[in-house]
Amino acid sequence: MLPMSTTHRIVFGNCRSMKEIPDESIQLMVTSPPYYNAPFDYPNMFKDYDEFLGLIRDFSQELYRVMAPGRIGCIVADDMLVKGERYPVIADVTRLMLDSGFRYRDRIVWVKPKGYVRISRRSGVVMQHPYPMYFYPDNIQESILIFQKGRFDYSYLQKLTSTVLEESKIPLLDYNTEGWYMTVWNITNVLPLGKRLEKGIAAFPEEIPRRLIRLFSYAGETVLDPFLGSGTTSKVAMDLGRSSWGYEIDPGLRQRIETKLGVDQGASPENVEFQTREDERT
Ligand SMILES: C[S@@+](CC[C@H](N)C(=O)[O-])C[C@H]1O[C@@H](n2cnc3c(N)ncnc32)[C@H](O)[C@@H]1O
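Below you will find a few notes about this structure. (Residues numbered from 1 in each chain as written. Predicted model: local features only at pLDDT ≥ 70, side-chain atom pairs only at ≥ 80, totals over all residues.)

Regarding the overall build of the protein chain
Inclusion rule: Working definition: helices are DSSP H or I runs of at least four residues, strands are E runs of at least two. Numbering for both runs from the N terminus. For the radius of gyration, the atoms used are the C-alpha atoms, and the globule rule reads 2.2 Å times the number of residues raised to 0.38. Burial is judged by counting other C-beta atoms within 10 Å of a residue's own C-beta: 20 or more means buried, 12 or fewer means exposed, and anything between counts as partly exposed, with every C-beta placed from the backbone. In this description, any two residues whose backbone-derived C-beta atoms lie within 7 Å of each other are considered to be in contact.
Secondary structure assignment for the protein chain yields eight helices and eleven strands. For 282 residues, the compact-globule formula gives about 19 Å, and the C-alpha radius of gyration of the protein chain, at 19 Å, lands near that figure. In the protein chain, which comprises 282 residues, the share counted as buried stands at 34%. Counting contacts in the protein chain only where the partners sit at least 6 residues apart, residues at least 24 apart contribute 74% of the total.

Structure below.
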């Protein structure tokens, strides 16, 4: 049990503005923006690709304002195949983050299990037509893009108590045995089966924020997810003794976020706060 008390604020509103958050007060961001017009989860969410990029541009500029100097922002994303056209989301998001002032630090490739049940099996075309030009590979990866606001001042560690340092220690056994140290992470995705909290949300598995929070934040610091969805980032932040901010445009997700954070089971209701803002949708 971590001794530090943490606070988790969830704002139902558009993260183009995160006016509730003071400047330079966030030590880590972990998020996955809506997948551009993803056929399963977000068909026709955006009028066109430029509208999607406009959201990423506005969000990244606002993110730069709220991030503390030297700190990290992680974006889980993938290029999108929509109606036979592939959109270069990874390249464009990277460019927009650079334009907002961030440094591009790393790209982790998140590999899902080979038997991932949801991918459209494009590779079958070659089985039917075993000739050149019929090759369409099955996609079992996404990217975790890692950006940084300037450079981290490592003298910061001298200001931390030995308790904070102890609680923030990276678990080296997991780091080594699970391969956190590589640019490829093998992590099982949230399986789209049965009745589940994340239905229709395109949630990422807890293991992604868990690794990123441990690798890039100290106990007691504050983690932000501007596209909160079912609340996975806030839930893991809570588990790891970090505070959090989350933005979610769909107030209909409140019940699911409450369940994920254990609010309705009375686990920690005193430090979870919800606010609703009147906002336009994307
Ligand atoms: C890919 S999901 C995030 C899933 C989340 N990582 C999880 O584990 O549940 C993206 C979320 O962003 C929300 N969203 C879309 N546009 C938004 C905006 N402008 N501001 C805030 N949230 C937005 C969507 O409603 C959706 O829940």
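Having put the structure on the table, let's press on.
Some details on the site of the ligand
As a reminder, the rule being used: Any residue whose C-beta atom, as placed from the backbone, lies within 6 Å of a molecule or strand is termed near it. Each residue receives one of three labels: charged for Asp, Glu, Lys and Arg, nonpolar for Ala, Val, Leu, Ile, Met, Phe, Trp, Tyr, Cys and Pro, and polar for the others, Gly being one of them.
Around the ligand, 20 residues are found, and the nearest of them are Ala203, Phe227, Gly229, Ser230 and Thr232. Split into classes, the residues belonging to the shell around the ligand amount to ten nonpolar, six polar and four charged.

With respect to the sheet that holds strand 6 (residues 103–111)
Heads up, the rule is: Any two strands with at least two DSSP-identified bridges between them are counted as paired. Orientation is described by lines fitted to C-alpha atoms, with helices fitted over the stretch in contact, and by angles between N-to-C directions that extend from 0 to 180 degrees.
Here nine strands make up an open sheet; going across it, the order is 8-6-7-3-2-9-10-1-11 and the pairing mixed. Among the strands making up the open sheet, the edge pair consists of strand 8 (184–186) and strand 11 (272–276). Mean inter-strand twist for the sheet, computed between neighbouring axes without regard to direction, equals 20°. Pairing of strand 6 with strand 8, which is carried by three bridges, proceeds in the parallel orientation. Bridging from a neighbouring strand, valine 109 pairs with valine 184 of strand 8.

Looking at the nonpolar core
Put simply, the test is: For this analysis, nonpolar core means a set of buried Ala, Val, Leu, Ile, Met, Phe, Trp, Tyr and Cys residues linked through C-beta atoms within 7 Å.
One finds Ile26, Leu28, Met29, Cys74 and Ile213 to be the most contacted residues of the largest nonpolar core, which totals 54 residues. Beyond its immediate stretch of four places on either side in the chain, cysteine 74 contacts Met29, Val30, Ile144, Leu145, Ile146 and Leu212.

Here we look at the environment of valine 111
You can see valine 111 is positioned in strand 6. Along the primary structure valine 111 and asparagine 186 are separated by 75 residues, whereas in three dimensions their C-alpha atoms are 4.8 Å apart. If we ignore the near neighbours within four places in the chain, the residues touching valine 111 are Ile140, Gln141, Val184, Trp185 and Asn186.

A closer look at the packing of helix 1 (residues 49–66) against helix 2 (residues 89–99)
What describes two packed helices is the angle between their axes and the distance between those same axes. Note the following rule: Take the far helix as your reference; a near helix turned counterclockwise from it by less than a right angle gives a left-handed crossing, and one turned clockwise gives a right-handed crossing.
Running from N to C, helix 1 and helix 2 cross one another at 35°; their axes reach a closest spacing of 9 Å. Judged by the sense of rotation from one axis to the other, the crossing of helix 1 with helix 2 is right-handed. Where helix 1 approaches helix 2, its residues Leu53, Ile56, Arg57 and Ser60 are matched on the opposing element by Asp92, Val93, Leu96 and Met97. Counted by class, the contact of helix 1 with helix 2 contains five nonpolar, one polar and two charged residues.

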